[in-house]
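One-letter residues, chain by chain:
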Amino acid sequence: MTDQLTVSVLGTGIMGAAMARNLVRAGHTVRAWNRSRGKAEPLAADGVRVAGSPEEAVRGADAVLTMLYDGPAALDVMRQAVPGLRPGAAWIQSTTAGVDAVADLAAFAHEHGLVFFDAPVLGTRQPAEDGQLLVLAAGPADARDAVAPVLDAVGSRTVWTGEDGAAGSATRLKLVANSWVLAATNAAGEVLALARALGVDPDGFFDAIAGGPLDMGYLRAKARMIRDGALTPAQFAVTTAAKDARLIVEAGEANGVRLDVAAAGAERLARAAAQGHGDEDMAAAYFASFDEKPSD
């Protein structure tokens, strides 16, 4: 591969669309596909070729980047792409797929002669749009230079966790990191909900912790989104956060660990989605504290 590659992006939601745009800005030829074509069409104005099928999107590509809902979705789409896949192409699998699913995806890659990289990312809409994601990656050392132009276009830094993508070391780290992110998000919502119930001005709480070890920029950012009603467009949607929370709980259970906070958080996010907040930012889990939407 050269520094200028043909890259296929499969899945153009919040993250995938931003990644596709940054790949074009970096000078790569980019083809994109999305199950709902309407979500991919706006990318054409940025120089992305929108494909009608996964097979069309990947035909002759140097690298395929998947950013889909979960592991089964990624495997299904790649199976559709089989006739267009080029043996020796790199598969950069950035979907948060879960530990068990990564092994299935790696087996598919091996079967079809693809060089497999387990490469989930840390970050939300704004870092994705700015090309400032943190890429957590595992894959063969002798093939890393070939995919570096792709990873450098979508992220500010790549942390390598191992040489065997099938082992899922990058996905494991992603789940650990997300367990903290989701716990902090749910805690931010509950702080505001409890303050409301007790008649406490939230500003009094933030003044009390200001500058101390309990203060945190992330807490303030999520609380501000809730208080300002700025939950759309989502930085990271409730439905996707609920999926990740389930994967975290399942990973804990499979390894003999009870994750009570994660389990409660998953249920809380699912409840918020059922209330109609699924497409809003995950901070909207705040509403799961109430049987009815609180009045202003």
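Residues numbered from 1 in each chain as written. Predicted model: local features only at pLDDT ≥ 70, side-chain atom pairs only at ≥ 80, totals over all residues. Heavy atoms only, no water.

Colleague: Describe the overall build of the protein, and please don't skip the residues or the numbers.
Modeller: Along the backbone of the protein there are 12 helices and nine strands. Along the three orthogonal principal directions, the C-alpha set of the protein runs to about 60 × 45 × 35 Å. Burial statistics for the protein: of 296 residues in total, 50% are counted as buried. About 13,400 Å² of surface is accessible on the protein, with carbon and sulfur atoms providing 52% of the total. Averaging the locations of the 26 positively and 36 negatively charged side chains of the protein gives two centres separated by 3 Å. (Helix = DSSP H or I, 4+ residues; strand = E, 2+ residues; numbered from the N terminus. Buried < 20%, exposed > 50% of the residue type's maximum accessible area, 1.4 Å probe, protein only. Areas by Shrake-Rupley, 256 points an atom, 1.4 Å probe, with all protein chains shown as cover. Lys, Arg positive; Asp, Glu negative; His and termini not counted. Charge placed at Lys NZ, Arg CZ, Asp CG, Glu CD.)

Colleague: Hey, could you go over helix H4 (residues 71–81) for me, with residue numbers and the actual values?
Modeller: An α-helical turn contains 3.6 residues, so any two residues separated by three or four positions project in the same direction. Along H4, the residues that are buried comprise Gly-71, Ala-73, Ala-74, Leu-75, Val-77, Met-78 and Ala-81. Looking at the buried positions of H4, the neighbouring elements they touch are strand E1 (6–10), strand E2 (29–33), helix H3 (54–58), strand E4 (63–66), strand E5 (90–93) and helix H5 (99–111). (Contact = heavy atoms within 4.5 Å.)

Colleague: Residue-level account of the pairing of E4, with values.
Modeller: Side chains of E4 alternate between two faces, with Ala-63 and Leu-65 and Val-64 and Thr-66 buried alike. When E1 meets E4, the two strands line up parallel, connected through four bridges. Bridge pairing in E4 places Val-9 opposite Leu-65. Handedness of the E4-H4-E5 crossover: right-handed. (Pairing = 2+ DSSP bridges. Right-handed = clockwise from strand over helix to strand, strands pointing away.)

Colleague: I'd love a proper account of the nonpolar core, names of residues and values included.
Modeller: In a soluble, globular protein the nonpolar side chains are often hidden away together inside. Within the largest apolar cluster, 32 residues are counted, with the highest numbers of intra-cluster contacts made by Met-19, Leu-23, Ile-92 and Val-150. For this core, the secondary-structure elements that each account for two or more residues are E1, helix H1 (14–25), E2, E4, E5, strand E8 (133–138) and helix H7 (144–154). By residue number, the principal contributor to this core is H1, which donates seven residues. Excluding residues within four positions of it along the chain, Val-150 makes contact with Leu-5, Val-7, Leu-23, His-28, Ala-63, Leu-65 and Ile-92. In terms of nonpolar packing, the next biggest core, distinct from the first, is built from 31 residues, Met-225, Val-238, Ala-266 and Ala-288 among them. (Core = buried A, V, L, I, M, F, W, Y, C linked by side-chain atoms within 4.5 Å.)

Colleague: Tell me about the pattern of salt bridges, residues and numbers included.
Modeller: This structure, assessed with the given rule, holds 14 salt bridges. Linking Glu-56 and Arg-49 is a salt bridge whose minimum nitrogen-to-oxygen distance equals 3.2 Å. Judged by its relative accessible area of 30%, Glu-56 is partly exposed. Arg-220 serves as the salt-bridge partner of Asp-215, at 2.8 Å between the closest nitrogen and oxygen. A relative accessible area of 22% places Asp-215 in the partly exposed class. (Salt bridge = Lys/Arg side-chain N within 4 Å of Asp/Glu carboxyl O.)

Colleague: Help me get a handle on the UniProt feature "active site" (unreviewed entry) in the protein, residues and values and all.
Modeller: What UniProt calls "active site" (unreviewed entry) maps, in this numbering, to Lys-174. With respect to the secondary-structure elements, Lys-174 resides in helix H8 (residues 169–198). You can call Lys-174 buried: its relative accessible area is 6%. Each residue touching Lys-174, except ones within four places of it in the same chain, is listed here: Thr-96, Pro-120, Val-121, Leu-122 and Leu-136. At 2.7 Å, the side chain of Lys-174 and the side chain of Thr-96 are in polar contact. (UniProt positions renumbered as here; feature names shortened; annotations may be inferred. Polar contact = N/O pair within 3.5 Å; in protein donor to acceptor, adjacent residues only side chain to side chain.)

Colleague: Please give an account of the layout of surface pockets that cites residues and values.
Modeller: In this model, the largest pocket occupies a volume close to 1,100 Å³. For the lining of the largest pocket, the secondary structure elements donating two or more residues are H1, strand E7 (121–122), helix H6 (125–129), H8, helix H10 (217–228) and helix H11 (238–254). With six residues, the single largest contributor to the lining of the largest pocket is H1. Looking at the lining of the largest pocket, you find at least three residues from each of domain 1 (6–167) and domain 2 (172–289). (1 Å grid on protein atoms, 1.4 Å probe; cavity = no way out; pocket = protein on both sides within 12 Å on 5 of 7 lines; lining within 4 Å. Points joined across faces, edges and corners; volume = space filled by probe spheres on them. Domains from an automatic or database assignment.)

Colleague: So what about the domain arrangement of the protein? Which residues, and what values?
Modeller: We note that the domain assignment places domain 1 (6–167) and domain 2 (172–289) within the protein. A C-alpha centroid distance of 27 Å is found between domain 1 and domain 2. Summed over both partners, the interface of domain 1 with domain 2 comes to about 1,400 Å²; 63% of that surface belongs to carbon and sulfur atoms. Between the two partners, domain 1 and domain 2, sit 10 residue pairs in polar contact (both at pLDDT 80 or more). Breaking the side of domain 1 that touches domain 2 down by element, the ones donating at least two residues are E7 and H6. Among the elements that line the side of domain 1 that touches domain 2, the one with the most residues is H6, at three residues. Here the side of domain 1 that touches domain 2 is built from residues that sort into 10 nonpolar, five polar and two charged. (Buried area = accessible area lost by both parts, 1.4 Å probe. Nonpolar A, V, L, I, M, F, W, Y, C, P; charged D, E, K, R; others polar.)

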